[in-house]
Amino acid sequence: MVIRLKQLYNIVGEKVSIDYTIDDDRLKEVKGFTFSDPITVKGTVMNRAGIVSLKYSAGFTLHTCCDRCLIEFDRDYSFDFEHILVRSLSNDDDSDEYIVTETDEFDMDELVLTDCLLSLPSKMLCREDCKGLCPECGADLNQGGCDHNG
Ligand SMILES: [Zn+2]
Ligand SMILES: [Zn+2]
């Protein structure tokens, strides 16, 4: 979704609602991740006392594979994000929190994808206490023991 920023930057109190989905065609381009559903994005961009802040939540379902037992599963995620939009950065601004918009039209898809992927856990587990596979025979230890594991 493209957010038109001109009025948001210029008018204190200006507010734009965000409610859209990032569809499959876009998500197919994301390497290393398979989305089962489009990403739903809901939030607002608002000029509060001259500061333009973007707050949104993103929800999606990822089709993934357990790092321990290799079973495939779908998992739902939902994350909240907040950024401050600026036309340019001064030296003492912390650049992680601030998003510099080069033009008055800001396409937020890329930001949403980056935010979401960075928020995912580094290990994908089918469940917190997944026992994984036996390194000797490959048996799924969630299904019971094998000769190498009680
Ligand atoms: Zn597992
Ligand atoms: Zn075994």
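Owing to the predicted nature of the structure, the values given are computational and were not obtained by experimental measurement. Every chain begins its residue count from 1, and numbering advances along the sequence as written. As they are written, the chains are lettered A onward and the ligands numbered 1 onward, keeping that order. With pLDDT at 70 or above as the cut-off, local features in this predicted model cover only qualifying residues; side-chain atom pairs require 80 or more to be listed or tallied, and sums for whole chains, interfaces and linings still use all residues. Side-chain numbers come from the whole structure's heavy atoms, not from hydrogens or water.

Caution is warranted with low-pLDDT regions, since their predicted coordinates should not be read in detail. Values of pLDDT, ranging from 0 to 100, describe the predictor's confidence in every residue of the model. For the chain, per-residue confidence averages 93 on the pLDDT scale, and 96% of positions sit at 70 or higher. Counting from the N terminus, the helices are DSSP H or I runs at least four residues long and the strands are E runs at least two residues long. No element of the chain has a lower mean pLDDT than strand 7 (residues 98-100), which averages 90, and none a higher one than strand 4 (residues 39-48), which averages 98.

Right, let's talk about the nonpolar core for a bit. Ranked by internal contacts, the top residues of the largest apolar core, which has 32 residues, are I39, M108 and V112. Within the residue set of this core, elements represented by two or more residues are helix 1 (6-10), strand 2 (15-22), strand 4, strand 5 (51-65), strand 6 (72-86) and helix 3 (109-119). Per-element accounting of this core gives the leading share, 6 residues, to strand 5. Within the second largest apolar cluster, 5 residues are counted, among which are C66, C69, F73 and L125. Only buried Ala, Val, Leu, Ile, Met, Phe, Trp, Tyr and Cys residues count toward a nonpolar core, and they belong to the same one when joined by side-chain atoms within 4.5 Å. When a residue's accessible area, from a 1.4 Å probe over protein chains only, is under 20% of the maximum for its type it is buried; when over 50% it is exposed; and in between it is partly exposed.

Looking now at the coordination of the zinc ion (ligand 2). Excluding water, the donors of a metal are its N, O and S neighbours within 2.8 Å, or within 3.2 Å for Na, K and Ca, and that exclusion means sites may look incomplete. At 2.1 to 2.4 Å from the zinc ion (ligand 2) lie its protein donor atoms, namely C134 (SG), C137 (SG), C146 (SG) and H148 (ND1). Classification of the site at the zinc ion (ligand 2) as tetrahedral follows from its 4 donor atoms and the range of 105 to 117° in their angles at the metal. Each donor residue of the zinc ion (ligand 2) lies on the same chain, and together they follow the pattern C-x2-C-x8-C-x1-H. Here C137, found in the segment after helix 3, pairs with H148, found in the segment after helix 3; they are 11 residues apart in sequence, far enough to count as distant. With relative accessibility at 44%, the residue C137 sits in the partly exposed group. Between 85 and 135 degrees for all angles marks four donors as tetrahedral; over 155 degrees for opposite donors together with 65 to 115 for all other angles marks four donors as square planar and six as octahedral; every other arrangement is irregular.

Our focus in this paragraph is the coordination of the zinc ion (ligand 1). Tetrahedral coordination by four donors places them ideally at 109.5 degrees to one another around the metal; octahedral coordination by six donors ideally gives 90 or 180 degrees. Within the protein, the atoms that donate to the zinc ion (ligand 1) are C66 (SG), C69 (SG), C126 (SG) and C130 (SG), at distances of 2.2 to 2.3 Å. Here the zinc ion (ligand 1) is ringed by 4 donor atoms whose angles at the metal span 106 to 115°, and the overall shape comes out tetrahedral. In primary sequence terms, the donor set of the zinc ion (ligand 1) follows C-x2-C-x56-C-x3-C. Remark: C126 occurs in the segment after helix 3 and C69 occurs in the loop between strand 5 and strand 6; sequence separation between them is 57 residues.

Note on aromatic contacts: the rings of Phe and Tyr and the six-membered ring of Trp form a pair at centre separations within 6.5 Å, being stacked when their planes are under 30 degrees apart, edge-to-face when over 60 apart, and tilted otherwise. Within the structure shown, the criterion is met by 6 aromatic pairs. Each ring, one from F60 and one from F79, has its centre 6.2 Å from the other, and the planes form 45°; the classification is tilted. Placement of F60 in strand 5 and of F79 in strand 6 is noted, with a sequence separation of 19 residues between them. On the basis of relative accessible area, F60 is assigned to the buried category, the value being 3%. Residue classification places F79 among the buried positions, given a relative accessible area of 19%. Aromatic pair Y77 and F79: ring centres 5.9 Å apart, planes at 20°, arrangement stacked. Pair check on accessibility: Y77 and F79 agree, each one buried. Each member of the aromatic cluster is reached from another via a ring pair, and the members are F35, Y56, F60, Y77, F79 and F81.

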